[in-house]
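Understanding the architecture of this molecule
As a plain string of letters, each chain reads:
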Amino acid sequence: MTPAAYAVLNLNALKHNLQKVRDCAPGAKIMAVIKANGYGHGMLRVAETLASAADAFAVARVQEGIRLRKAGLQNRIAVLEGFTCAEELDDLLAYQLDAVVHTGSQLGLLERHAGQAQIAVWLKLDTGMNRLGFNAKEFPEAHRRLSRCASVRQPVNLMTHLANADDMQDPMTMTQITLFEQTVAGAPGERSIANSAGILGWQAALTDWVRPGVMLYGISPFPDSTGGQLGLQPVMGLHSRLIAVKPLAKGDSVGYGCRWVCGQDTTLGVVAIGYGDGYPRYARPGTPVLVNGQRVPLIGRVSMDMITVDLASQPDAKPGDAVTLWGEGLAVEEIALCSDTIPYTLVCGVTQRVRLVEAGAGDNPLLRTV
Ligand SMILES: *Cc1c(COP(=O)(O)O)cnc(C)c1O
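Residues numbered from 1 in each chain as written. Predicted model: local features only at pLDDT ≥ 70, side-chain atom pairs only at ≥ 80, totals over all residues. Heavy atoms only, no water.

1. Some words on the packing of aromatic side chains
Taken as a whole and judged by the stated rule, the model has three aromatic pairs. With a centroid separation of 4.7 Å and 20° between ring planes, the pair formed by Tyr39 and Tyr217 is classed as stacked. You can see Tyr39 sitting in helix 2 (residues 35–39) and its partner Tyr217 sitting in the loop between strand 9 (209–210) and strand 10 (236–248), a full 178 residues away along the chain. The class for Tyr39 is buried, based on a relative accessible area of 6%. For Tyr217, a relative accessible area of 1% corresponds to the buried category. Here the aromatic rings of Trp122 and Trp209 are separated by 5.9 Å at their centres, their planes lie at 90°, and the arrangement is edge-to-face. Of this pair, Trp122 sits in strand 6 (residues 121–124) while Trp209 is found in strand 9, placing the two residues 87 residues apart along the sequence. Given the relative accessible area of 2%, Trp209 is considered buried. Through a chain of ring-to-ring contacts, three or more aromatic side chains come together here, namely Tyr39, Tyr217 and Tyr344. (Phe/Tyr/Trp six-rings, centres within 6.5 Å; stacked < 30°, edge-to-face > 60°. Helix = DSSP H or I, 4+ residues; strand = E, 2+ residues; numbered from the N terminus. Buried < 20%, exposed > 50% of the residue type's maximum accessible area, 1.4 Å probe, protein only.)

2. Things to note about the packing of helix 6 (residues 104–112) against helix 7 (residues 139–147)
When two helices pack together, you describe them by how their axes are tilted relative to each other and by the distance separating the axes. With their axes 10 Å apart at the nearest point, helix 6 and helix 7 run at an angle of 15° to one another. Classed by the angle they form, the pair helix 6 and helix 7 counts as roughly parallel. Helix 7 is crossed by helix 6, and the crossing has left-handed handedness. In this structure, helix 6 uses Leu107, Gly108, Leu110 and Glu111 to contact helix 7, whose residues at the interface are Ala142, Arg145 and Leu146. Here the residues of the contact of helix 6 with helix 7 are counted per class, giving four nonpolar, one polar and two charged. (Axes fitted to C-alpha atoms, helices over the stretch in contact; angles between N-to-C directions. Parallel < 35°, antiparallel > 145°, perpendicular 65-115°, else oblique. Left-handed = near helix turned anticlockwise from the far one by under 90°. Contact = heavy atoms within 4.5 Å. Nonpolar A, V, L, I, M, F, W, Y, C, P; charged D, E, K, R; others polar.)

3. Points about the site of the ligand
The environment of the ligand is formed by 14 residues, the closest being Lys35, Tyr39, Ser196, Val214 and Tyr344. Within the side chain of Ser196, one N or O atom sits 2.5 Å away from an oxygen atom of the ligand. A total of 390 Å² of accessible area belongs to the ligand in isolation, and the protein chains cover 91% of it. Residue composition of the shell around the ligand, grouped by class: six nonpolar, four polar and four charged. (Near = heavy atom within 4 Å. Polar contact = N/O pair within 3.5 Å; in protein donor to acceptor, adjacent residues only side chain to side chain. Areas by Shrake-Rupley, 256 points an atom, 1.4 Å probe, with all protein chains shown as cover.)

The structure is reproduced here in structure tokens:
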């Protein structure tokens, strides 16, 4: 018997998607973004799968980078939020992690740092995202200071981040790319601009390094397409099974708040998955769910451990039958649209209770539970 709620991870799809990045950005080096536990897929598992194919990894926090080093990963690893104190800078040096430098206090910490060890840095230019980075006016001085800093390996690398590259109509992306190119012109060092949307949508964003995240997991960064439509393969499938099937009469209400009322006699199915597993609380009635491979609509509110579906089209379904919440045959992008969110939050939000299993490990994927 399979566990109630489990996610199957297709690691071959990860490799396929990384190759797709190579095809889109020939000649560019790839910094595979595996922050937030590899977008919910398991950071170490993703890193080990891509270790020989990726040129570097990127994580958000120092602790994530340390975890990768302790697991034996030898690739270059960039910490996208950099460091906030001397202790974190010491950690970056000790574990040989690249630091993103985006604010004045980090310059001070680097300048005050004593010792022989050097750190590779990515100086971040804020070109309009208004999150991390020096603006174009501050940039030359920050660059000068880093270039003179004994603890910084030269040359300084240069990066920026796109704010709206998933909107192909927005001229802001070209404005950001142009501002970046103008501001860093003449400086030595490698350049990096593109996230997944930049890689798939904006030729001009393809510089020395690209930083794919969501597309590695087979997910489209664009609101109007799925990964499958872009030639990507979904890595995660989220599954469970029916635990109860019962008749429902016209006029019966279903679930908390009694918000869904049955319009005609039907059959109700209860599935063992809920927001306690990471299924979105705000999935609307009508959100598709696969029961025995066929689409049925979600009805009633999502609760912590269960959802309810209308089995009118599948009167023979019975407890124990297989249910897919997203994955092969049901794009996570579609579930995100039905839940007023983005697919990033869905895969990142799968909780500890859900067993992650790797596909393709012998006949039974559940033999390799991690
Ligand atoms: C998360 C992140 C990425 C990856 O973004 P995707 O949209 O998932 O491809 C790239 N660069 C930076 C700075 C990030 O924070």
